[in-house]
Amino acid sequence: MKTYLWLCIIFFISCRSFDPVSYEPPLKPERTGIYAVNESLRVSEVIAKGKLSGLESLDVDNAGNIYGGDKEGNVLKVTSSGEISILGNTGGRALGVQFDSKGNLIVADAYKGLLSLSKEGTLSDLTTSYQGEKFKFTDDMDIAKDGKIYFTDASIYEQKEYLLDLLESRPYGRLFVFDPKTKETKLLLDGLYFANGVALSKNEDFILINETYRYKISRYWLKGKKAGTKEDFIVNLPGFPDNITRNHKGEFWVALFTVRNDRMDKMHPSAFLKKLTSNLPKFLWPKAEPYGFVLKLDENGNVISTLQDPGGEVLKEITSAIEKDGYLYLGSLYSDRIGKLKLNDK
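Residues numbered from 1 in each chain as written. Predicted model: local features only at pLDDT ≥ 70, side-chain atom pairs only at ≥ 80, totals over all residues. Heavy atoms only, no water.

Digging into the pattern of salt bridges
Here is the rule we go by: Salt bridge, as applied in this entry: a Lys or Arg side-chain nitrogen positioned within 4 Å of an Asp or Glu carboxyl oxygen. Runs of H or I in DSSP of at least four residues are treated as helices and runs of E of at least two as strands, each being numbered from the N terminus. Burial classes follow relative accessibility: with a 1.4 Å probe on protein chains only, a residue under 20% of its type's maximum area counts as buried, one over 50% as exposed, and anything between as partly exposed.
According to the stated counting rule, one finds 16 salt bridges in the structure shown. For E313, the salt bridge goes to R42, with nearest N and O atoms at 3.5 Å. With E313 in the loop between β23 (303–310) and β24 (318–324) and R42 in the loop between α1 (2–15) and β1 (45–47), the pair connects residues that are 271 residues apart, well separated along the chain. Residue E313 is classed as exposed on the basis of its relative accessible area of 58%. Among the residues examined, R42 registers a relative accessible area of 23% and is labelled partly exposed. E251 serves as the salt-bridge partner of K296, at 3.3 Å between the closest nitrogen and oxygen. A residue pair is termed long-range when its members are at least 10 positions apart, and K296 in strand β22 (residues 291–297) and E251 in the loop between β20 (239–246) and β21 (252–259) qualify at 45 residues. Judged on exposure class, the residue K296 and its partner E251 are both buried.

As for the UniProt feature "domain: Strictosidine synthase conserved region" (unreviewed entry) in the protein chain
Put simply, the test is: UniProt positions are given in the numbering used here, feature names are shortened, and annotations may be inferred rather than shown by experiment.
In the numbering used here, UniProt assigns the "domain: Strictosidine synthase conserved region" (unreviewed entry) feature to residues 139–224. For residues 139–224, the end-to-end C-alpha separation is 27 Å, with 8% helix and 51% strand making up the annotated structure.

Digging into a nonpolar patch on the surface
What counts is decided by this rule: Two joining distances apply to patches: 9 Å for like charges and 5 Å for nonpolar side chains (Val, Leu, Ile, Met, Phe, Trp, Tyr), and every residue must have over 30% relative accessible area and no salt bridge. Residue burial considers only the protein chains on display, and all accessible areas are found by Shrake-Rupley using a 1.4 Å probe.
A cluster of nonpolar side chains, L280, F283 and L284, forms an exposed patch at the surface whose accessible area comes to about 280 Å². Topologically, L280 is positioned in the loop between α4 (271–278) and β22.

Some remarks on the sheet that holds strand β3 (residues 66–69)
Operational definition: What makes two strands pair is DSSP finding at least two bridges between them.
Ordered by their spatial adjacency, 4 strands build an open sheet running β2-β3-β4-β5, and the pairing between neighbours is antiparallel. Edge positions in the open sheet fall to β2 (59–60) and β5 (84–89), since each of these has one partner strand only.

Focus on the environment of S85
This is how the line gets drawn: Only heavy atoms enter the contact rule, under which two residues are in contact if any of them lie within 4.5 Å.
Mapped onto the fold, S85 is located in strand β5. Note: C-alpha distance between S85 and E251 (166 residues apart in sequence) is 31 Å. Contacts of S85, omitting those with residues within four sequence positions, involve V75, L76 and K77.

Some words on the sheet that holds β23
Threshold: Axis definition: a line fit to C-alpha positions, over the contact stretch in the case of helices; interaxial angles, taken between N-to-C directions, run 0 to 180 degrees.
Sheet architecture is open: 4 strands sit in the order β20-β21-β22-β23, paired in antiparallel fashion. Looking at the sheet topology across the chains shown, the edges are occupied by β20 and β23. The average undirected angle you get between the axes of adjacent strands in this sheet is 20 degrees. Summarising the sheet, β20 and β21 pair through 5 bridges and their orientation is antiparallel. Bridge assignment links G239 to a residue of β21, and that residue is V259.

Considering the side chain of N236
Inclusion rule: For the purposes of these results, a polar contact is taken to be a pair of N or O atoms within 3.5 Å, where, inside protein, one atom must be able to donate a hydrogen and its partner to accept one; residues adjacent in sequence count only when each atom of the pair is a side-chain atom.
Within the secondary structure layout, N236 lies in the loop between β19 (230–234) and β20. Within polar-contact distance, the side chain of N236 engages the side chain of R260 at 3.0 Å. Residue contacts for N236: discarding those within four places in its chain leaves P26, L27, K28, P29, Y215 and R260.

Some points on the nonpolar core
What tends to happen in soluble globular proteins is that the nonpolar side chains get buried as a cluster. Rules: Definition used in this section: a nonpolar core is a set of buried Ala, Val, Leu, Ile, Met, Phe, Trp, Tyr and Cys residues joined via side-chain atoms within 4.5 Å.
Membership of the largest hydrophobic core comes to 38 residues, with the highest contact counts inside it found for I217, F252, L295 and L297. Of all the secondary-structure elements, those providing two or more residues to this core are α2 (162–168), β17 (206–211), β18 (216–221), β19, β20, β21, α3 (262–267) and β22. Looking at this core element by element, the count peaks at 5 residues for β21. The contact partners of L297, leaving out residues within four places of it in the chain, are I217, F233, I234, E251, F252, V254, N302, V303 and I304.

Things to note about the packing of aromatic side chains
Short version of the rule: Centre distance within 6.5 Å is the pairing criterion for rings of Phe, Tyr and Trp, where only the six-membered ring of Trp is used; planes under 30 degrees apart are then read as stacked, over 60 as edge-to-face, and the remainder as tilted. Lysine and arginine charges are scored as sitting over a ring when NZ or CZ, respectively, is within 6 Å of the ring centre and within 35 degrees of the ring normal.
Inspection of the entire model under this criterion finds 16 aromatic pairs. What links up through ring pairs into an aromatic cluster is the set F137, F194, Y213, Y215 and F240. Sitting above the plane of the Y23 ring, R214 keeps its charged end 3.6 Å from the centroid. It is R214 that lies over the ring of Y193; its NZ or CZ is 3.7 Å from the centre.

Shown next, in the form of structure tokens:
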């Protein structure tokens with residue numbers, strides 16, 4: 001019986017088109033000092049609890065209305081009192097959202113590419129492919145003052161298979177820029193480890209890209225002597241960085257989907273074990289710990305503060321944090337609510 005079982009395992013491993021590599025993750029940082037456990041997120045106001053299905057990324061207008069896309073492809077407007085209206089449906093999985101200077105809501109849809117939803121409710125394609133090849137996993141974006149849209153294509157795997165990227169540990173992510181004036185899509189960076197959140201600096205001289213499965217954030221210089229080069233901005237984070245946004249001071253809010261997973265870190269050095277795991281039922285894979293976690297960084301990559309909810313009692317699996325008029329709005333890929341936290345400083 002044992003021989004038969006191993007023969008089955010070897011058969012499945014040899015047949016699957018999946019080629020993980022070994023990776024030695026850094027020892028996770030101690031939960032002391034700036035990373036010490038706190039419960040500051042637990043006082044967050046909860047909006048539309050039980051009425052939503054995963055607003056992964058958010059934008060907020062001057063009236064305090066919140067916008068995001070759910071797992072059904074709906075692009076939603078949510079008032080501060082929790083009233084919900086559907087503005088459109090992408091037919092895919094809307095992730096990153098952001099208003100441009102003309103009032104159009106730009107949407108990074110995991111399956112459809114970069115889209116634009118007009119104030120009248122008309123949905124149109126901006127860019128869906130590069131050099132004839134469709135984007136596999138359009139993830140997040142940030143819009144520059146000149147209208148250019150910087151966005152990520154996270155992986156060669158589709159959104160529903162994103163954990164395969166974690167197991168394979170190969171740099172499939174890319175950073176692009178789309179110019180609405182010329183309709184040109186340009187590749188800026190490839191070789192990124194699950195290219196996720198994107199945020200321009202206040203002076204727009206550099207852009208940050210979250211490399212989720214390397215627990216780090218990279219900086220790509222757009223201007224100056226270092227233009228066209230990439231460097232580490234912050235490494236060895238205590239969790240998985242998802243989206244990143246900038247506030248009016250030029251500081252950055254980073255949403256950590258969850259804390260580091262010891263089982264996953266121990267598995268990474270073994271390509272064989274990861275390939276074996278990829279063939280097991282998903283319930284046997286390493287699980288994300290319920291946890292709410294947000295970091296605030298300065299322009300030099302220093303951690304200023306952390307906001308947490310151990311155990312995810314109020315907020316968990318946070319994928320976006322955006323500051324607006326003294327409040328921090330918090331979205332999640334899976335959660336049924338939006339968090340709203342009053343900040344102490346403006």
